[in-house]
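What follows is the residue order along each chain.
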Amino acid sequence: MSLGAIAQGANEGQFKLLLTQGFELHQQARFAEAIPLLERARRLEPGDYFANLLLGIDLLRTGKTA
């Protein structure tokens, strides 16, 4: 297994963890706490629909839209 494949697997695992934690906070209406996790997830997978959707909703609910 190459070093690149190991790093990609680690990033994927980190992305899934961040997205899961962010979604759990979102479901608890803890939007401000979810935003940093979802932003980190989006940096790892910028094209992920669900990460972008949750982040957008939470930014709107906290009034932090740009």
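Residues numbered from 1 in each chain as written. Predicted model: local features only at pLDDT ≥ 70, side-chain atom pairs only at ≥ 80, totals over all residues. Heavy atoms only, no water.

Asker: Quick question: what am I supposed to make of the packing of helix α2 (residues 31–44) against helix α3 (residues 49–62) here?
Answerer: A pair of packed helices can be characterised by two numbers: the angle between their axes and the separation between those axes. Orientation of α2 relative to α3, taken along the N-to-C sense of each, is 145°, at an axis distance of 9 Å. Judged by the twist between their axes, the crossing of α2 over α3 is left-handed. The segment α2 lies against α3, with Phe31, Ala32, Ala34, Ile35, Leu38, Glu39 and Arg42 engaging Asn52, Leu54, Leu55, Asp58, Leu59, Arg61 and Thr62. Among the residues forming the contact of α2 with α3, the class breakdown is 8 nonpolar, 2 polar and 4 charged. (Axes fitted to C-alpha atoms, helices over the stretch in contact; angles between N-to-C directions. Helix = DSSP H or I, 4+ residues; strand = E, 2+ residues; numbered from the N terminus. Left-handed = near helix turned anticlockwise from the far one by under 90°. Contact = heavy atoms within 4.5 Å. Nonpolar A, V, L, I, M, F, W, Y, C, P; charged D, E, K, R; others polar.)

Asker: Whenever I open this one, the nonpolar core confuses me. Can you help?
Answerer: Looking at soluble globular proteins, one finds that nonpolar side chains tend to be buried together. Formed by Phe15, Leu18, Leu19, Leu25, Ala34, Ile35, Leu37, Leu38, Ala41, Ala51, Leu54 and Leu55, the largest nonpolar core amounts to 12 residues. Contributing elements (two or more residues each) for this core: α1 (3–27), α2 and α3. The leading source of residues in this core is α2, at 5 residues. (Core = buried A, V, L, I, M, F, W, Y, C linked by side-chain atoms within 4.5 Å. Buried < 20%, exposed > 50% of the residue type's maximum accessible area, 1.4 Å probe, protein only.)

Asker: Looking at this structure, I do not really get α3. What am I missing?
Answerer: Residues spaced three or four apart along an α-helix point in a common direction, a consequence of the helix completing one turn every 3.6 residues. With 14 residues, α3 should cover 20 Å at 1.5 Å per step; its first-to-last C-alpha distance of 20 Å lies within 8% of that length. Restricting attention to buried positions, one finds in α3 the residues Ala51, Leu54, Leu55 and Asp58. Across the axial projection of α3, the buried residues extend over an arc of 100°, all falling on one side. Residues Tyr49 and Leu60 are exposed on α3 and point more than 90 degrees away from its buried face. The N-terminus of α3 is capped by Asp48, whose side-chain oxygen sits 3.3 Å from the backbone nitrogen of Phe50. Positive backbone phi, at 75°, marks Gly63, one or two positions downstream of α3. (Expected span 1.5 Å × (residues − 1). Arc of directions from axis to C-beta. Polar contact = N/O pair within 3.5 Å; in protein donor to acceptor, adjacent residues only side chain to side chain.)

Asker: Mind showing me how you'd approach the environment of Thr20 here?
Answerer: Considering the arrangement of structural elements, one finds Thr20 in helix α1. Sequence separation between Thr20 and Ala51 is 31 residues; the distance between their C-alpha atoms is 9.7 Å.

Asker: Help me out: how do you make sense of the environment of Glu33 in this one?
Answerer: Assignment of secondary structure puts Glu33 in helix α2. Judged by relative accessible area, which is 43%, Glu33 ranks as partly exposed. In this structure the C-alpha to C-alpha distance between Glu33 and Asp58, which are 25 residues apart in sequence, comes to 9.4 Å. A polar contact is formed between the side chain of Glu33 and the side chain of Arg30, at a distance of 2.7 Å.

Structural measurements only, silent on function.
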